[in-house]
Structure formats: structure tokens, C-alpha cells
Amino acid sequence: MDMKKRIHLELRNRTPSDVKELVLDNCRSNEGKIEGLTDEFEELEFLSTINVGLTSVANLPKLNKLKKLELSDNRISGGLEVLSEKCPNLTHLNLSGNKIKDLSTIEPLKLDSLKSLDLFNCEVTNLNDYRDNVFKLLPQLTYLDGYDKDDKEAPDSDAEAYVEGLDDDDDEDDDEVDEDDYDEDAAPGDDDDEDGEEDDEDEDGEEGEEEEDDVSGEEEEELNDGEVDDDDEEEEEEERGQKRKRELDEEGEEDD
């Protein structure tokens, strides 16, 4: 995929001015030059063009806010003076794996803002007193190939340190959204209300069971009362029958 098409895909329906990070690794440059990148990317802070076949950075547009530039694994051998003009606020530059052979090639990198420079796998690293000479040539540098003048390792690799900063910004945005969702959907006290409703339901259920027990007891008493009444009626009828019999017997004796 050529660089122009890759840039178009990376935009993802955004405008160039909305882009802060642009990764074009492993695409194809046109005749070893940058293409499709314009000064409309005015907010761009991180640009990565690893292994795209670059031989020159002459076509790099003016990117005032660019801080991190990845140019490793290309075929750049010179022409770095344009970086001072095009990227005046550059802090991290990775030129590992390019065709840089001598110190004069990197001498134009006298940007005051440049703090970290990587030249791994470049022939210049084989020179005698390479590190000492680079720090003398570019005194503004803090780290060369990941280490400072005292051979103390940088706390993070350049790419990781910068990209983590971008990720932290995204995480903060996500946290804000989550907090908004919480405020809207689950205001404090809702859980307590739900628990209270459940307790009320339990109490209502217990009261209902007690009422059913009371009703059952009343029905049983009524049934018992009904049975007692039936027994009383039978006794009364029996007494009336005996009394009637005695009366008839008495009437018969009188007739005799």
C-alpha cells in the first residue's frame, strides 16, 4: 500500500487537524520521499514511518507540534537539516537502522528541544568514542541510544513513554464518560431504595401468611360450632319424641 492511501485510511473520516498520532509503518514511499502528508496535520505530535523505504525527509511538511519522529529502518543518509526548520519542537528522534556513517550527518540536529536520539544499527556507532563525541556535538541531548552520559538507562523507551502519555489521556476521557453514566443511571441511594422495597415485600408476605392462618382458624371454629349445633338438635328431637310418647300413653290409660 502506498503512503497516500495509507494516510487516507488512517484518517478514519477525521480531518487532518484532528490527528495527533499517525502511524504509517511498512507502507511504500514514492521514490524514497514522504508523500500525502501536508501542513494541515497541524496538531500532529507523533509520526512513525518505520520501514517505508525513505531516503530523504525533504518533503516533510511544517509540523510545529511534532514531538516524536520515528524514522528507523529506512535508507536515510543525510539531509537532516530540514528537521530544525520543519519540526522546531521535536524532542525524540529515532534514526536506527539507516545509512548514517559519520558525525557530520547528525551535526545539523541542534534543536534546543531535542532530548533523545537513537542511532542503533547505524555505521556511525562504530566510530571511536562515538558516544562522547555525539554528546559534545549535541549538548542538548539527555539520552543517546536509550542511555544518558553516565550510562544510566532512560526510564522508558521513547515510543512507550510518549504513547503511554496518549493512552493516559484516552483513559481519562473514558473515566469521565463512566462517571457520567453512573450519575445518570444509578444515582446514590437507588440501591438502598431497592433493598427497602424488597424488605417491604418480605414483610407483606409474612403478614399475608399470618392472615391466612387466622382465616383458617376461624373456618375450623365455625365448622366445630356447626357440629355442636347438630348434636343439640338431635337431643331436643329425642326429648320431644319421648315426651310425646308419654302423653299418648297417659291418654290411653284415661280412655281405659
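Numbering of residues starts from 1 in every chain and runs along the sequence as written. Two thresholds apply to this predicted model, a pLDDT of at least 70 for residue-level local features and 80 or more for giving and counting side-chain atom pairs, whereas whole-chain, interface and lining totals are computed over all residues. Hydrogens are left out, water is left out, and the side-chain values use all remaining heavy atoms of the structure.

> Account for helix α4 (residues 130–137), with residues named and values stated.
Residues Tyr130, Val134, Phe135 and Leu137 constitute the buried set of α4. Down the axis of α4, the smallest arc covering the buried residues is 160°, so these residues share one side. For every residue, the accessible area (1.4 Å probe, protein chains only) is compared with the maximum for its type, and the residue is labelled buried under 20%, exposed over 50%, or partly exposed between those bounds. Only runs of H or I of at least four residues qualify as helices and only runs of E of at least two qualify as strands under DSSP, and these elements are numbered from the N terminus. Directions pointing from the helix axis toward each C-beta atom define the arc.

> Residues and numbers for the pattern of salt bridges, please.
We define a salt bridge as a side-chain nitrogen of Lys or Arg found within 4 Å of a carboxyl oxygen belonging to Asp or Glu. This model, assessed by the stated rule, comprises five salt bridges. With a shortest N-O distance of 3.5 Å, Glu10 and Arg12 are connected by a salt bridge. What makes Arg12 exposed here is its relative accessible area of 55%. In this structure, Lys68 and Glu70 form a salt bridge, with 3.0 Å as the shortest nitrogen-oxygen distance. The same class applies to Lys68 and to Glu70, which are both buried.

> Requested: an account of the environment of Gly78, with residues and values cited.
Mapped onto the secondary structure, Gly78 falls in the loop between β3 (68–70) and α2 (82–86). Along the sequence, Gly78 and Asn98 sit 20 residues apart, while their C-alpha atoms lie 9.7 Å from each other.

> Would you mind going over unusual backbone geometry in detail, with residue names and values included?
Despite not being glycine, Glu31 has its phi angle at roughly 55°, a positive value. The topology assignment puts Glu31 in the loop between β1 (21–23) and β2 (46–48). Here Glu31 falls in the exposed class, since its relative accessible area comes to 69%. Even without a glycine there, the phi angle at Asp73 is positive, about 60°. The topology assignment puts Asp73 in the loop between β3 and α2. By relative accessible area, Asp73 is classed as partly exposed at 44%.

> Talk me through the sheet that holds strand β4 (residues 92–94); I want residue IDs and the actual numbers.
One bridge is not enough; two strands pair if DSSP finds at least two bridges between them. On the basis of which strands lie adjacent, the open sheet formed by six strands has the order β1-β2-β3-β4-β5-β6 and parallel pairing. Among the strands making up the open sheet, the edge pair consists of β1 and β6 (143–144). Relative to β6, strand β5 (residues 116–118) runs parallel, the two sharing two bridges. Within β6, the residue paired with Leu117 across the bridge is Leu144.

> I'd like a description of helix α1 (residues 3–11), backed by residues and values.
The set of residues buried in α1 consists of Met3, Arg6, Ile7, Glu10 and Leu11. Taken down its axis, α1 places every buried residue within 140° of arc, on the same side. Exposed residues pointing more than 90 degrees away from the buried face of α1 are listed as Lys4, Lys5 and His8. At its buried positions, α1 is contacted by β1. Nitrogen and oxygen atoms within 3.5 Å of one another constitute a polar contact, given that in protein one can donate a hydrogen and the other can accept it, and given that sequence-neighbouring residues count only through two side-chain atoms. Of the residues flanking the start of α1, the one acting as N-cap is Asp2, its side-chain oxygen 3.3 Å from the backbone nitrogen of Lys4. Residue contacts follow a heavy-atom distance rule, with two residues in contact if any of their heavy atoms lie within 4.5 Å.

Keep in mind these numbers describe shape, not what the thing actually does.
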